[in-house]
Amino acid sequence: MAVSGAVEPGPPAATAAPSPAPARAPAPEHLFRPISAEDEEQQPTEIESLCMNCYRNDMNREVVKTDSATTRIPELDFEIPAFSQKGALTTVEGLISRAISGLEQDQPARRANEEAVAKRIDEFIVKLKELKQVASPFTLIIDDPSGNSFVENPHAPQKDHALVVTHYSRTPQQEEMLGLQAEAPPEEKPEEEDLRNEVLQFNTNCPECNAPARTNMKLVQIPHFKEVIIMATNCENCGHRTNEVKSGGAVEPLGTKITFHITDPLDLTRDVLKSETCSVEIPELEFELGMAVLGGKFTTLEGILRDIQELVTKNPFTLGDSSNPGQMEKLQEFSRKLDQILQGDMKAHFIMNDPAGNSYFQNVYAPEDDPQMKVEHYERTFAQNEELGLNDMKTEGYETGLAPQR
């Protein structure tokens, strides 16, 4: 915002002859309203005072000048830079007086050290003082990029022909000076960060030896499915490796049950996403793996089967000294049949049941149906919703009341 105003000179003091004084009226009992705490209508008292030099009020305009405003008087080639003075509520005369005081402050030191400079400043101070007398018209320009400066219009609401207010867009340099960040043009806006092409890393501790380790995280789009977050940790201290998969989306409206018939060794190379909420069943082995066991994994069918084999055969609670012979025989039989499936010598069904609907089994015939795979979508039971924590979750109308009590 730029505010400029022209100040016109008043009649010289010498030509203003005083008129005969009229008969003095009786003095009022009180010039000012008595100050009282009980007076609810107490207001500041303002008395207009005429300037004894110009016999006019032109220099009495109120001025709000902020720290960021630059003040100029072109007729004197005079400028007060931004942030060189504190912001002030003053008048045009006060603004000039403040500038005079600032120049006079160091004059004694200048006269002692730089007499020529001090002499030129004395001459300039005389010119500023002449402005206060309004001996000739001059223009006062207040340029404030913050838009918070103000010069009073004494004729308001009428137009002030001596006052011009101009609004403009700030330059990048002015934005930076004010501590604001200039908005980049549309063609220069930085591209949004694509996390699909980034591998994020954060520090953690190894779950085995508790040594400092680093976890890599990446957002992956699975074809014909959805986005998932894969996290992998590799401990350089003990060599322990883990990988975990989190769903990149919300709980699906329906649960998903995927039944796959393993008939060929090539079937073991299919990609499998098992979420934390997915249970696994192999009917031919009379085996069932509950939710949250093995956690979330994105691997192949062979990888899932080997994880199951390792979980069962290396479990100290089932194969330790306290295990009975009958139990060991069953586990050995289970491991033997699982080896046959892994070697392609035995056909079996692999069933994934995910009430949250966030698990996936690769369909190599996509987008056509896979003759070896059956996908079923079903309504979750109350018990499944309870296990997923959905019965206590209210997503509609929560502003007006609490979730219904069960």
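Residues numbered from 1 in each chain as written. Predicted model: local features only at pLDDT ≥ 70, side-chain atom pairs only at ≥ 80, totals over all residues. Heavy atoms only, no water.

Asker: Quick one: what's the story with the overall build of the chain, residue by residue and with numbers?
Answerer: Of regular secondary structure, the chain possesses eight helices and 20 strands. Out of the 406 residues belonging to the chain, those deemed buried represent 30%. Sequence-distant contacts, at least 24 apart, represent 63% of the contacts inside the chain between residues at least 6 apart. Entry remark: accessible area of the chain is about 27000 Å², with carbon and sulfur atoms responsible for 51%. (Helix = DSSP H or I, 4+ residues; strand = E, 2+ residues; numbered from the N terminus. Buried < 20%, exposed > 50% of the residue type's maximum accessible area, 1.4 Å probe, protein only. Contact = heavy atoms within 4.5 Å. Areas by Shrake-Rupley, 256 points an atom, 1.4 Å probe, with all protein chains shown as cover.)

Asker: Give a description of the packing of helix H1 (residues 92-104) against helix H3 (residues 115-133) that names residues and reports values.
Answerer: As a packed pair, H1 and H3 sit with axes 10 Å apart at the nearest point and diverge in direction by 165°. Classed by the angle they form, the pair H1 and H3 counts as roughly antiparallel. Crossing of H1 against H3: the hand is left-handed. Across the interface between the two elements, Glu93, Ile96, Ser97, Ile100, Leu103 and Glu104 of H1 pack against Ile121, Phe124, Ile125, Leu128, Lys129, Leu131 and Lys132 of H3. Of the residues contributing to the contact of H1 with H3, the split by class is eight nonpolar, one polar and four charged. (Axes fitted to C-alpha atoms, helices over the stretch in contact; angles between N-to-C directions. Parallel < 35°, antiparallel > 145°, perpendicular 65-115°, else oblique. Left-handed = near helix turned anticlockwise from the far one by under 90°. Nonpolar A, V, L, I, M, F, W, Y, C, P; charged D, E, K, R; others polar.)

Asker: So what's going on with the sheet that holds strand S2 (residues 62-65)? Which residues, and what values?
Answerer: Strand order in this open sheet of three strands is S5-S2-S7, and the pairing throughout is antiparallel. What marks the edges here is a single partner per strand, and that holds for strand S5 (88-91) and strand S7 (150-151). Bridge analysis of S2 against S7 gives two bridges, and the strand direction is antiparallel. Paired with Val64 across the two strands is Phe150, which belongs to S7. Along the sheet, H1 contacts S2 and S5; its crossing angle with S5, the most-contacted strand, is approximately 110°. (Pairing = 2+ DSSP bridges.)

Asker: Tell me about the packing of aromatic side chains, residues and numbers included.
Answerer: Within the structure shown, the criterion is met by four aromatic pairs. Arranged with centres 6.2 Å apart and planes meeting at 45°, the rings of Phe350 and Phe361 form a pair that is tilted. Highlighted residues: Phe350 in strand S18 (residues 348-354) and Phe361 in strand S19 (residues 360-361), separated in sequence by eleven residues. Take Phe350 and Phe361: they sit in the same class, and that class is buried. Following the ring pairs from residue to residue traces out a cluster consisting of Phe260, Phe350 and Phe361. (Phe/Tyr/Trp six-rings, centres within 6.5 Å; stacked < 30°, edge-to-face > 60°.)

Asker: Residues and numbers for unusual backbone geometry, please.
Answerer: In this structure, the amide linkage connecting Ala366 to the following residue, Pro367, adopts the cis form with an omega of 10°. Here Pro367 is to be found in the loop between S19 and strand S20 (373-378). The phi dihedral of Phe83 falls on the positive side, at around 65°, and the residue is not glycine. On the secondary structure map, Phe83 appears in the loop between strand S4 (78-80) and S5. Despite not being glycine, Glu286 has its phi angle at roughly 50°, a positive value. Residue position: Glu286 is located in the loop between strand S15 (279-282) and strand S16 (287-289).

Asker: Tell me about the environment of Thr313, and name the residues and values.
Answerer: The topology assignment puts Thr313 in helix H5 (residues 301-313). Owing to a relative accessible area of 26%, Thr313 belongs among the partly exposed residues under this scheme. Separated by 19 residues in sequence, Thr313 and Gln332 place their C-alpha atoms 7.9 Å apart.

Asker: Could you give me a rundown of the pairing of S15, with the residues and numbers involved?
Answerer: Each regular strand displays side chains that alternate between the two surfaces of the sheet. In this sheet, S18 lies alongside S15 in antiparallel orientation, the contact comprising three bridges. When the sheet's bridge partners are listed, Val280 is paired in S18 with Met352. Direction of pairing for S15 relative to S16: antiparallel, over a ladder of three bridges. Paired with Val280 across the bridge in S16 is Leu289.

Asker: Please provide a residue-by-residue account of the nonpolar core, values included.
Answerer: Of all hydrophobic cores here, the largest spans 27 residues; its most connected members are Leu301, Leu305, Phe350 and Phe361. For this core, the secondary structure elements donating two or more residues are strand S13 (255-262), S15, S16, H5, helix H7 (325-342) and S18. Leave out the neighbours within four places in its chain, and Leu305 touches Leu268, Ile282, Leu338, Ile341, Leu342 and Phe350. In this structure, Leu76, Ile100, Ile121 and Leu128 belong to the second largest nonpolar core, which totals 22 residues. (Core = buried A, V, L, I, M, F, W, Y, C linked by side-chain atoms within 4.5 Å.)

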